[in-house]
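Listed below are the residues making up each chain.
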Amino acid sequence: MSTVQTPSVDAATRSRMAKKAGFASFAGTTVEWYDFYAYGTASALVFGQIFFPAEDAAVGTLAAFATFWVGFLARPLGGVVFGHFGDKFGRKKALVTTLLMMGVCTTAVGLLPTYQQIGMWAAVILVFLRLIQGIAMGGEWGGAVVLAAEHAPKGKGIIYGAFAQQGSPMGNLLSTLVWLAVAQLPDEQFLSWGWRIPFLLSAVLVLIGLFIRLSIEESPAMKQLMVTKTVAKTPFTEVLRKSKGIVVLGIGACIIAVSATYFKGTFALAWAVDSGLFDRTTFLTIITISLVVQFCVQPFGAVIASKMDLRKAVLLLLVPELLFLPLMFVMIGTGDYLLAVVGMAVATIPHSMYYAALAGILAKSFPPNVRYTGISLSYQLSSTLFAGTAPMMGQYLLNVSGSIYAVVALALVHVGLTIGCVLGLLARAANQGSAYGSMDSFSTDEEAPAAAPAAAVRS
């Protein structure tokens, strides 16, 4: 591709811009994920009772999980819409819009009347708000990853892409801590007004996120596309025409990275509480501990992936999950608090470290002019097909079989598919030897190479 460059900046300024972009991506995704996870926890704890009342509590929970999936159905649409917008007009503008959409919808959920007040209209409005949430989330992740990675210093794209990934455990942790606090309320107060607090707090977080996000600059790669007039006319159709195989492998490469959280947090929470193994407060503390573990260990996955051959790194990070996920369910099933804490914390380590590296792996698989659209499609379609269905399918399998081992089998299938697809994605990048097969191509410095070596699959 053309090597025409945007005006150069000194190293100190570039480094400062990169760190600012990384922090802004982290802050923005934290707010977005807080909103998305807050809904997931509510669907496990309260939505079945206040929006989908049923004689059988398990049926109400299943209905709540179905609305939870609606947000995932909308995420690919958000990826296409905001991917198009971000690839044509700039990453920053798209990300400001997604943050506002998510915040308004989440706050509105906190103000929504219940089934007892307006009947089925409450559920209809809830589903609509969840759809808008999904569209916003669909456009957020890809843009945040691309913005951070494209600002990264030469050779550090995987590391900087992981800044955006840290927003997931932080948003989940904040959401869980807020839910843990309101769960201390007596049941009557919790069900009447306490559940609204986590959603209303979103308004404050959005204002903070917007202040940070508005202060960053557009990415150097996007500036170069605009200067050289090489912006894609229709990014979505170009991705489908030239990169269908990469998108399919990308979908598979994301599976356990996006579904594990919902097996552990959303489904396991409902299962543990409904079956009487733990009360809601106790199990929320177990989830909180696992999220602290995730936040602490996750960045090391990006470090490992940037220091060694990516194929070996992927196997090192993912293969242990084949043992740790089944072990987690067994240890939760004992009803012993300490065993459940250890089981969930250990099972968190492999997939969270892989999640940190995933952003860079996906981003380097697509050319800059369709990068936002390409990685958004891969990630969001995977989320729709596998993450959003994880709690619903898990609850269905549990209802039908009466055994948690059916859910364990589903989780193991997710791990196996992920390993196979990410190895295929890396092999394709190595065989193609494309100009965007290296994370170095994110750099627009004069020292950046015009093309990567054919065998380059490392950051």
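Quick summary incoming for the structure in this document.

### Overview of the nonpolar core
Here's step 1: Among the nonpolar cores identified, the biggest contains 124 residues, and Phe-47, Trp-141, Trp-179, Phe-283 and Ile-332 are the most heavily contacted of them.
Here's step 2: Considering every element that reaches this core, the biggest residue donor is helix 14 (residues 244-274), with 18 residues.
Here's step 3: The contacts of Phe-47, once residues within four sequence positions are left out, are Tyr-39, Ala-42, Phe-52, Ala-64, Val-109, Leu-126, Trp-195 and Phe-199.
Here's step 4: Of all hydrophobic cores here, the second largest spans 5 residues; its members include Val-31, Val-96, Val-206 and Leu-210.

### Brief notes about the packing of aromatic side chains
Here's step 1: All chains considered together, the criterion is met by 20 aromatic pairs.
Here's step 2: Aromatic side chains Trp-33 and Tyr-37 sit 5.2 Å apart centroid to centroid with 25° between the ring planes, which places their arrangement in the stacked category. Placement of the pair is Trp-33 and Tyr-37 together in helix 1 (residues 11-45), with a separation of 4 residues, close to one helical turn. Accessibility classification places Trp-33 together with Tyr-37 in one group, the buried group.
Here's step 3: Aromatic pair Tyr-37 and Tyr-262: ring centres 5.8 Å apart, planes at 40°, arrangement tilted. Taken together, the residues span a long stretch of sequence, with Tyr-37 in helix 1 and Tyr-262 in helix 14 at a distance of 225 residues. Here Tyr-37 and Tyr-262 have matching classes, each one buried.
Here's step 4: Put simply, the rings of Tyr-39, Phe-47, Phe-51, Trp-179, Phe-190, Trp-195 and Phe-199 touch in pairs and so form one group of aromatic residues.
Here's step 5: In this structure, Arg-130 is placed above the aromatic ring of Phe-36, and the distance from its NZ or CZ to the ring centre is 4.0 Å.

### Points about helix 11 (residues 202-213)
Here's step 1: Compared with an ideal rise of 1.5 Å per residue, which puts 12 residues at 16 Å, helix 11 spans 16 Å between its outermost C-alpha atoms and is within 8% of the ideal.
Here's step 2: Those residues of helix 11 not exposed but buried are Ser-202, Val-206, Gly-209, Leu-210, Ile-212 and Arg-213. Down the axis of helix 11, the sector holding all buried residues measures 160°, keeping them to one side. When the buried face of helix 11 is taken as reference, the exposed residues oriented beyond 90 degrees from it are Leu-207 and Phe-211.

Conventions and cut-offs
- Residues numbered from 1 in each chain as written.
- Predicted model: local features only at pLDDT ≥ 70, side-chain atom pairs only at ≥ 80, totals over all residues.
- Heavy atoms only, no water.
- Core = buried A, V, L, I, M, F, W, Y, C linked by side-chain atoms within 4.5 Å.
- Buried < 20%, exposed > 50% of the residue type's maximum accessible area, 1.4 Å probe, protein only.
- Helix = DSSP H or I, 4+ residues; strand = E, 2+ residues; numbered from the N terminus.
- Contact = heavy atoms within 4.5 Å.
- Phe/Tyr/Trp six-rings, centres within 6.5 Å; stacked < 30°, edge-to-face > 60°.
- Lys NZ or Arg CZ within 6 Å of the ring centre and 35° of its normal.
- Expected span 1.5 Å × (residues − 1).
- Arc of directions from axis to C-beta.

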